[in-house]
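An overview of the molecular structure
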Amino acid sequence: MTTSCRSCWRNCAQESDSEIRAIDRMEDRLVPFSADVLKIRELISTIELCHHKAEQRVSNIIAAIAAGETIKGLGTRLPGQRHPAEIVWRNACAALSAWIAGCPSTEVDLSIGTVPASHLLACLGERSPLKEWQVQRVIDKIRCTASMRQSPDDSAEQYVWLLLNEGENEITTCRQCPEHYKEHQDFWLKTVRTIIYDTENGDKAALSLGFVIDMLWPCHWGFVSNLEIVLEAINGRLIAQRPFAACARNISMLPNRRRMKLVSDTLQLFCFGQDLDQEVDADLLVMLGESTEVKKWLAASLDKTIRLQLGPPFCSEILSALALPDWIRQFKQ
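Below, the structure is looked at part by part. (Residues numbered from 1 in each chain as written. Predicted model: local features only at pLDDT ≥ 70, side-chain atom pairs only at ≥ 80, totals over all residues. Heavy atoms only, no water.)

1. Some remarks on the overall build of the protein chain
What the protein chain contains, in helices and strands, is 14 helices and 6 strands. The buried share of the protein chain, reckoned over its 333 residues, is 47%. Considering only contacts in the protein chain between residues 6 or more positions apart, those separated by 24 or more positions represent 67%. For the protein chain, the computed accessible surface area is about 16900 Å², with 50% contributed by carbon and sulfur atoms. (Helix = DSSP H or I, 4+ residues; strand = E, 2+ residues; numbered from the N terminus. Buried < 20%, exposed > 50% of the residue type's maximum accessible area, 1.4 Å probe, protein only. Contact = heavy atoms within 4.5 Å. Areas by Shrake-Rupley, 256 points an atom, 1.4 Å probe, with all protein chains shown as cover.)

Have a look at this one:
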C-alpha cells in the first residue's frame, strides 16, 4: 500500500517510503514549530538540484539549520538588486530578438554565458516564418520564466505551454493546439511533430521540439547548452550533439553531483551517527554544531530531498512519458 507524501516533499517525491515516513514521525513528535523553523523547512521544499545556484542554496539551508533562522527565500532580494544570471537571460532574448528582426548573426556583439551570441544564432541558419515563430516561443519562455523568478508577486505574463499542461496536481500533454496558438496552428503542429534525438541516461531517446522548448528553464545549470540544442533543432539539426538535461532528465550530468553526495553523507552522519564508510565534510559538521531534535529533523529532510533528487525514478518516468506522447509517435521518422 502506498501513501501520498505530505506537501513538504513536493519537490522530490509523490509517494512516501519508509525513510520519509520515519522523518514525518520525527516531525509529528516535535510540532508545533517556530516560524523560523517552518521557513527553513519551506526552503528545503523548494530546493532544486538542477538550479544553477543549487549548491549555494543548499549551503544556505545548512547554515540556517545551524542558526535556527534564515533571511533567505523568494522575495528577499533588495529593491533594485539584480539576479547574477539575469544578464545571460537578457542577452539571450536580445540576441534572438535581433535575429527575428533580421540582424545578421555576425553583427550581434553579445555573449550568452561564455558563448558568443553569434555562435548560437548561426545555429538557426536562414530565417523563415516558421523559424521566427519558434524562436519567439523560446524568447517568451525565457522572459516569462526569468521574470517570475524576480519576486513572488511578479505580474509577468504567463508562458503558454506548447505541449505540456500544468494542472494543479499533475502534468499532462496537449492533444490539440492550445487556444493561444490557434492563429498559427500549422506552426504549432510542425513544432510539436519535430522530433529531436538524443540520449537519456545513456540510452537512445526522442523528444518533441515543443517539449524541449517547454522545458527550457533559464535557471537550469545547462541553460546555454540546452538553448543550443533547441536552436539547432529549429534549423533541422535533429540529432543532438549532447543530451538534453532538464529537471530530473539526465540528472547524472549534474556538475555538482559529487558535492551533493558528500553533503548528503555528512547530513546522515549528523542525524543518525551512521558510519557509512564514506567521505564526509568535517567543516559542515562543525557548522551544524550541537545536535538537537529539530536540527536532526531538518537535516534528515534535506538529506532525503537531496538523495531523491539525485536519483529520482518518479521524475524520470514522468519526463520520459511526456517527452514523446503516443499521438506524436506516429510522426517519428
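2. Quick word on helix α10 (residues 257–272)
A turn of α-helix holds 3.6 residues, and therefore any two residues three or four places apart point the same way. Between its terminal C-alpha atoms α10 stretches 22 Å, which fits the 22 Å expected from 16 residues at 1.5 Å a residue. Along α10, the residues that are buried comprise Met260, Leu262, Val263, Ser264, Asp265, Thr266, Leu267, Gln268, Phe270 and Cys271. Those residues of α10 hidden inside the fold are in contact with α3 (54–67), α11 (282–288) and α12 (293–310). Directly after α10, the chain includes Gly273, whose backbone phi takes a positive value near 65°. (Expected span 1.5 Å × (residues − 1).)

3. Thoughts on the packing of aromatic side chains
What describes a pair of aromatic rings is the distance from one ring centre to the other and the angle between the planes of the rings. Going through the model one piece at a time under the given rule, you end up with 5 aromatic pairs. Here the aromatic rings of Tyr159 and Trp161 are separated by 5.9 Å at their centres, their planes lie at 80°, and the arrangement is edge-to-face. Across the pair, Trp161 and Tyr159 agree in class, each one buried. Seen in terms of ring centroids, Trp161 and Trp217 are 6.1 Å apart; in terms of plane orientation they differ by 70°. Their pairing is edge-to-face. Here the residue Trp161 occupies a position in the loop between α6 (129–148) and β3 (164–166), and Trp217 occupies one in the loop between α8 (209–214) and α9 (223–234), the gap between them amounting to 56 residues. Trp217 matches Trp161 in its accessibility class, with the two residues each being buried. (Phe/Tyr/Trp six-rings, centres within 6.5 Å; stacked < 30°, edge-to-face > 60°.)

4. Considerations on the nonpolar core
Formed by 65 residues in total, the largest nonpolar core has its most connected members in Leu96, Val138, Trp188, Phe211, Phe223 and Leu227. It is helix α4 (residues 86–100) that provides the largest number of residues to this core, a total of 9 residues. (Core = buried A, V, L, I, M, F, W, Y, C linked by side-chain atoms within 4.5 Å.)

5. What about the pattern of salt bridges?
Inspection of the entire model under this criterion finds 19 salt bridges. Measuring nitrogen to oxygen at the nearest pair gives 3.8 Å for the salt bridge that ties Glu86 to Arg90. Placement of the pair is Glu86 and Arg90 together in helix α4, with a separation of 4 residues, close to one helical turn. The buried category is assigned to Glu86, whose relative accessible area is 15%. Between Arg258 and Glu279 there is a salt bridge, with its nearest N and O atoms 3.1 Å apart. Of this pair, Arg258 sits in helix α10 while Glu279 sits in the loop between α10 and α11; the two residues are 21 residues apart in sequence, bridging distant segments of the chain. One salt-bridge network, in which partners are shared between bridges, spans Asp17, Glu19, Asp303, Lys304 and Arg307. (Salt bridge = Lys/Arg side-chain N within 4 Å of Asp/Glu carboxyl O.)

6. A few points about the side chain of Lys141
In this structure, Lys141 sits in helix α6. In this structure, Lys141 is buried with no salt-bridge partner, the nearest side chain bearing the opposite charge being Asp214 at 6.0 Å. Separated by 2.7 Å, the side chain of Lys141 and the backbone oxygen of Asp214 make a polar contact. When neighbours within four sequence positions are excluded, Lys141 is seen to be in contact with Tyr159, Trp161, Ile213, Asp214, Leu216 and Trp217. (Lys, Arg positive; Asp, Glu negative; His and termini not counted. Polar contact = N/O pair within 3.5 Å; in protein donor to acceptor, adjacent residues only side chain to side chain.)

7. Here's the deal with unusual backbone geometry
Note that the residue after Val31, namely Pro32, is joined by a cis bond; omega there is 0°. With respect to the helices and strands, the residue Pro32 is situated in the loop between α1 (18–30) and α2 (35–46). Unlike most non-glycine residues, Asn201 shows phi in positive territory, near 55°. Mapped onto the fold, Asn201 is located in the loop between β5 (195–200) and β6 (203–208).

8. Re the packing of α4 against α9
Contact geometry for α4 and α9: axes closest at 12 Å, N-to-C directions at 20°. With respect to α9, the element α4 is oriented roughly parallel. Between α4 and α9 lies a crossing of right-handed hand. Contacts between α4 and α9 involve Val88, Trp89, Ala92 and Leu96 on the former and, on the latter, Phe223, Val224, Leu227 and Leu231. For the contact of α4 with α9, the per-class residue count stands at 8 nonpolar, no polar and no charged. (Axes fitted to C-alpha atoms, helices over the stretch in contact; angles between N-to-C directions. Parallel < 35°, antiparallel > 145°, perpendicular 65-115°, else oblique. Left-handed = near helix turned anticlockwise from the far one by under 90°. Nonpolar A, V, L, I, M, F, W, Y, C, P; charged D, E, K, R; others polar.)

9. Topic: the environment of Asp17
Inspection of the secondary structure assignment puts Asp17 in the segment before α1. The exposure class of Asp17 is partly exposed, given its relative accessible area of 27%. Within polar-contact distance, the side chain of Asp17 engages the backbone nitrogen of Glu19 at 3.1 Å.

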